[in-house]
Amino acid sequence: MTPYPLTWLYVPGDRPQVVAKALVAGADVVVIDLEDAVAPGRKEYARAATAELLSEPRPGVHVRVNAPDSPWAADDLKALTPLPGVSGLRLPKVTSAEEVAAVAESTGGLPLFALLETALGVERAFSIASAHPALRGISLGEADLRADLGVREDAGLDWSRSRVVVAARAAGLAPPPQSVHPDIRDLEGLAASCAHGRALGFLGRAAIHPRQLPVIERAFLPTDRELEEAETIVEAAVREEGAQALPCGRFVDAAIVAAARRTLTSARRT
């Protein structure tokens, strides 16, 4: 079992020097952003610079292309899909399974990740999550969603967050990463927000600055206590199959054993 990515570092596609720094910052995945981070007048430059950079293999690099209904989306897909350095595409503002399927049919099985950024996208979360085998994950774009819903307090997004977590798992996808924490100086707030997201079922988080990466990783890696508990559960399962009670009195079944194995796998990050 391969550990899921915990850190997804977004970087503007029209700033090649910043992209170069991001590639060595230690993120599990670097996401070159051609959409929100790039002004309309620099879209073509960002696409060309990204295509040049990704003309050779570079593991763990995704590209957030422009929204399907934008004037740049078709050119993004045409230019980037064949490149050996692209290991995934992030599709913004997805509102339907049909949008995912249409992109998937034109990208030859390249892994896709859908961003749900509107009320309609969240409402159709499971349909989108199960739209096509090429889709490997879904997640929220909380800034746009917050504006669409008119939500001011952070707690107002918790229902949407849980909805996306449940939809992803119901479709057999990895737990989704959290959306970005926009204040790059507020590391304490980031840590607290990550703890809340982990409690909701998220795994990992998008970042917009390298200084956020260690905070996110610490928040989502299992603690020593969690690792010890997982090792105890797995060892008990190896000795005796089926449901059982541990010496501490905790009841353990197949689902709990599977979760313990995932915990141990998530700690094996080199």
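Cut-off values and rules
Residues numbered from 1 in each chain as written. Predicted model: local features only at pLDDT ≥ 70, side-chain atom pairs only at ≥ 80, totals over all residues. Heavy atoms only, no water. Helix = DSSP H or I, 4+ residues; strand = E, 2+ residues; numbered from the N terminus. Buried < 20%, exposed > 50% of the residue type's maximum accessible area, 1.4 Å probe, protein only. Contact = heavy atoms within 4.5 Å. Areas by Shrake-Rupley, 256 points an atom, 1.4 Å probe, with all protein chains shown as cover. Expected span 1.5 Å × (residues − 1). Arc of directions from axis to C-beta. Polar contact = N/O pair within 3.5 Å; in protein donor to acceptor, adjacent residues only side chain to side chain. Core = buried A, V, L, I, M, F, W, Y, C linked by side-chain atoms within 4.5 Å. Axes fitted to C-alpha atoms, helices over the stretch in contact; angles between N-to-C directions. Parallel < 35°, antiparallel > 145°, perpendicular 65-115°, else oblique. Left-handed = near helix turned anticlockwise from the far one by under 90°. Nonpolar A, V, L, I, M, F, W, Y, C, P; charged D, E, K, R; others polar. 1 Å grid on protein atoms, 1.4 Å probe; cavity = no way out; pocket = protein on both sides within 12 Å on 5 of 7 lines; lining within 4 Å. Points joined across faces, edges and corners; volume = space filled by probe spheres on them. Pairing = 2+ DSSP bridges.

## Examining the overall build of the protein
Phase 1 of the analysis: When helices and strands are tallied, the protein shows twelve helices and nine strands.
Phase 2 of the analysis: The buried share of the protein, taken over its 270 residues, is 46%.
Phase 3 of the analysis: If you take every contact in the protein between residues at least 6 apart in sequence, the share linking residues at least 24 apart comes to 64%.
Phase 4 of the analysis: Accessible surface for the protein amounts to roughly 13,500 Å². Of this, 54% is attributable to carbon and sulfur atoms.

## A look at helix H9 (residues 187–200)
An α-helical turn contains 3.6 residues, so a residue and the one three or four places further along point in the same direction.
Phase 1 of the analysis: For H9, which comprises 14 residues, the first-to-last C-alpha distance of 20 Å matches the rise-based estimate of 20 Å (1.5 Å per residue) to within 8%.
Phase 2 of the analysis: Turning to H9, its buried residues number three or more, namely Leu190, Cys194 and Gly197. Viewed along the axis of H9, the buried residues span an arc of 65 degrees, placing them on a single side of the element. Along H9, the residues that are exposed and aim more than 90 degrees away from the buried face are Glu188 and Ala199.
Phase 3 of the analysis: Among the structural elements, strand E7 (205–207) and helix H10 (213–220) are those in contact with the buried residues of H9.
Phase 4 of the analysis: For H9, the N-terminal capping position is held by aspartate 186, with its side-chain oxygen 2.9 Å away from the main-chain nitrogen of glycine 189.
Phase 5 of the analysis: The positive-phi residue at the C-terminal boundary of H9 is glycine 201, with phi of around 110 degrees.

## Concerning helix H8 (residues 158–170)
Phase 1 of the analysis: An ideal rise of 1.5 Å per residue puts 18 Å on 13 residues; H8 measures up with 18 Å between its terminal C-alpha atoms.
Phase 2 of the analysis: Along H8, the residues classified as buried are Asp158, Ser160, Arg161, Val164, Val165, Ala167 and Ala168.
Phase 3 of the analysis: In this structure, the buried residues of H8 make contact with strand E5 (112–116), helix H5 (119–123), helix H6 (125–129), strand E6 (135–140), helix H7 (142–149) and H9.

## Description of the environment of aspartate 36
Phase 1 of the analysis: As for its placement among the helices and strands, aspartate 36 is situated in the loop between strand E2 (29–33) and helix H2 (43–53).
Phase 2 of the analysis: Considered as a pair, aspartate 36 and proline 12 are 24 residues apart in the sequence and their alpha carbons are 8.5 Å apart.
Phase 3 of the analysis: Polar contacts involving the side chain of aspartate 36 include one to the side chain of lysine 93, which spans 3.5 Å.

## Looking at the nonpolar core
Phase 1 of the analysis: Val63, Leu89 and Ile138 are the most contacted members of the largest nonpolar core, which has 56 residues in total.
Phase 2 of the analysis: Among the elements that line this core, the one with the most residues is H10, at five residues.
Phase 3 of the analysis: By size, the runner-up hydrophobic cluster in this structure holds seven residues, among which are Tyr10, Val29, Phe113 and Leu115.

## Considering the packing of H9 against H10
Phase 1 of the analysis: Their axes nearest at 9 Å, the elements H9 and H10 cross at an angle of 30 degrees. With respect to H10, the element H9 is oriented roughly parallel. Crossing handedness for the pair H9 and H10: right-handed. Counting all contacts with H9, which are made through Leu187, Leu190, Ala191, Cys194 and Arg198, the residues of H10 involved are Val215, Ile216, Ala219 and Phe220.
Phase 2 of the analysis: Counted by class, the contact of H9 with H10 contains eight nonpolar, no polar and one charged residues.

## What to know about empty space enclosed by the protein
Phase 1 of the analysis: Considering all chains together, one arrives at one cavity of 30 Å³ or more under this definition.
Phase 2 of the analysis: Quantified by volume, the largest cavity comes out at close to 30 Å³.
Phase 3 of the analysis: The wall of the largest cavity is formed by Asp154, Arg161, Gln178, Ser193, His196, Gly197, Leu200 and Phe202.
Phase 4 of the analysis: No other element matches H9, which puts four residues into the lining of the largest cavity.
Phase 5 of the analysis: Of the residues assigned to the lining of the largest cavity, the class counts are two nonpolar, four polar and two charged.

## What about the pairing of E2?
Phase 1 of the analysis: Extensive coverage of E2 is indicated by the burial of five of its five residues.
Phase 2 of the analysis: In E2, alternate side chains face the same way, and those of Val29, Val31 and Asp33 on one face and Val30 and Ile32 on the other are all buried.
Phase 3 of the analysis: Examined bridge by bridge, strand E1 (residues 7–12) and E2 share five bridges and lie parallel to one another. Each residue of the ladder has a partner; that of valine 11, found in E2, is isoleucine 32.
Phase 4 of the analysis: Strand direction decides the pairing type here: E2 and strand E3 (residues 61–64), joined by four bridges, are parallel.

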